[in-house]
Amino acid sequence: MSDQQFPSKILENAVNEFAKLPGIGKKTALRLVLFLLKQEKESNYRFADAITTLSEEIKYCRNCYNISDSDTCSICSNPRRDHSIVCVVENVRDVMAIENTHQYQGIYHVLGGLISPMDGTGPDDLTITPLEEKLKKGEVKEIIFALSTTMEGDTTNFFLFRKFGNYDVKFTTIARGVAIGDELEYADEVTLGRSLVDRLPFDKEAL
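Because the structure is predicted, anything quoted here is derived from the model rather than measured. (Residues numbered from 1 in each chain as written. Predicted model: local features only at pLDDT ≥ 70, side-chain atom pairs only at ≥ 80, totals over all residues. Heavy atoms only, no water.)

What about the overall build of the chain?
Part 1 of the reasoning: Each helix and strand counted, the chain has 7 helices and 7 strands in total.
Part 2 of the reasoning: Listed N to C, the secondary structure of the chain is α-α-α-β-β-β-α-β-α-β-α-β-α-β in terms of helices and strands.
Part 3 of the reasoning: For the chain, with 207 residues in total, the buried portion stands at 39%.
Part 4 of the reasoning: Across the chain, contacts joining residues at least 24 apart in sequence account for 57% of those joining residues at least 6 apart.
Part 5 of the reasoning: A total accessible area of about 12,800 Å² is found for the chain, and carbon and sulfur atoms account for 51% of it. (Helix = DSSP H or I, 4+ residues; strand = E, 2+ residues; numbered from the N terminus. Buried < 20%, exposed > 50% of the residue type's maximum accessible area, 1.4 Å probe, protein only. Contact = heavy atoms within 4.5 Å. Areas by Shrake-Rupley, 256 points an atom, 1.4 Å probe, with all protein chains shown as cover.)

Structural notes on the layout of surface pockets
Part 1 of the reasoning: Within this model, the largest pocket holds a volume of roughly 220 Å³.
Part 2 of the reasoning: Considering the residues around the largest pocket, the lining is formed by Ile-10, Leu-11, Ala-14, Phe-18, Val-33, Leu-36, Leu-37, Asn-44 and Phe-47.
Part 3 of the reasoning: Looking at the lining of the largest pocket, the elements that each hand over two or more residues are α1 (9-18), α2 (26-38) and α3 (41-57).
Part 4 of the reasoning: The element contributing the most residues to the lining of the largest pocket is α1, with 4 residues.
Part 5 of the reasoning: Split into classes, the residues belonging to the lining of the largest pocket amount to 8 nonpolar, 1 polar and no charged.
Part 6 of the reasoning: Taken together, Asn-63, His-83, Val-86, Ile-107, Lys-134, Lys-137, Glu-139 and Val-140 make up the full set of residues lining the second largest pocket. (1 Å grid on protein atoms, 1.4 Å probe; cavity = no way out; pocket = protein on both sides within 12 Å on 5 of 7 lines; lining within 4 Å. Points joined across faces, edges and corners; volume = space filled by probe spheres on them. Nonpolar A, V, L, I, M, F, W, Y, C, P; charged D, E, K, R; others polar.)

Side note on α1
Residues lying three or four places apart along an α-helix face the same way, a consequence of the helix completing one turn every 3.6 residues.
Part 1 of the reasoning: Regarding α1, the residues found buried are Leu-11, Val-15 and Phe-18. Buried residues of α1, viewed axially, fall in a sector of 65°; they line one side. Every exposed residue of α1 that faces more than 90 degrees away from the buried side is listed here: Lys-9 and Ile-10.
Part 2 of the reasoning: Of the surrounding secondary structure, the elements contacted by the buried residues of α1 are α2 and α3.
Part 3 of the reasoning: Regarding α1, its N-cap is Ser-8, as a side-chain oxygen of that residue lies 3.1 Å from the backbone nitrogen of Ile-10 further along. (Arc of directions from axis to C-beta. Polar contact = N/O pair within 3.5 Å; in protein donor to acceptor, adjacent residues only side chain to side chain.)

Topic: a nonpolar patch on the surface
Part 1 of the reasoning: Taken together, Phe-47, Ile-51 and Leu-54 make up a surface patch of nonpolar side chains, about 280 Å² in accessible area.
Part 2 of the reasoning: Among the structural elements, Leu-54 can be located in helix α3. (Patch = residues over 30% accessible without salt bridge, like charges linked within 9 Å, V, L, I, M, F, W, Y side chains within 5 Å. Salt bridge = Lys/Arg side-chain N within 4 Å of Asp/Glu carboxyl O.)

Re the pairing of strand β3 (residues 82-89)
Part 1 of the reasoning: Within β3, 6 of the 8 residues are buried, leaving the element largely enclosed by the surrounding structure.
Part 2 of the reasoning: Bridge analysis of β3 against strand β4 (residues 106-110) gives 5 bridges, and the strand direction is parallel. The partner of Val-86 across the bridge, within β4, is Ile-107.
Part 3 of the reasoning: For the crossover that starts at β3, traverses helix α4 (residues 92-99) and ends in the parallel β4, the hand is right-handed. (Pairing = 2+ DSSP bridges. Right-handed = clockwise from strand over helix to strand, strands pointing away.)

With respect to the nonpolar core
Part 1 of the reasoning: By size, the foremost hydrophobic cluster in this structure holds 35 residues, and its most contacted members are Cys-87, Val-89, Tyr-108 and Ile-143.
Part 2 of the reasoning: Counting residues per element, this core draws most heavily on β3, which supplies 5 residues.
Part 3 of the reasoning: Other than its neighbours up to four places away in sequence, Val-89 contacts Asp-94, Val-95, Ile-98, Tyr-108, His-109, Val-110, Leu-111, Ala-146 and Leu-147.
Part 4 of the reasoning: With 8 residues, the next largest nonpolar core counts Phe-6, Val-15, Ala-29 and Leu-30 among its residues. (Core = buried A, V, L, I, M, F, W, Y, C linked by side-chain atoms within 4.5 Å.)

That's the geometry; what it means functionally is another story.
What follows is the structure, encoded as structure tokens:
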């Protein structure tokens, strides 16, 4: 649709903005915009307000970097969670996937990505330093590596294991019930839950 002619500049601008979303091409973007034009104004106002509120008011938990409505997320502020167990994940979607299993009662640490030289992502681009600060306090007893079973995920696991190896902490990884190369958000809840329950000790031989 590079040569698509729009009857309105306003319409074209809206389509271009929707097309910036992942997985949304120009044709799909146009279909979405035309759908919105058919809706009641109040519905579109609520949609726009939700986006504005998301941009202006969403926070990242100062403890685990999960998305939150407040400075500390509902998981970290829950006294019933086991704060001595930290599950290390790549992103917020992984937190949601694990929470949906109802099999985990510890807390999380969201790295914000994986070490990937090909993508230009190194350790300094992730929230590794704040994770080490947790370990220095001596309150963490177990670190669970729950990263995607990909080359980048395994590389990140090994880097963290080497970096934090001198701390008196138990390192475990989710069992390989999650297929090699899979991302956690696409694993079914039963498989992911069982992988957490049956987690394994982590050492360099686990890779």
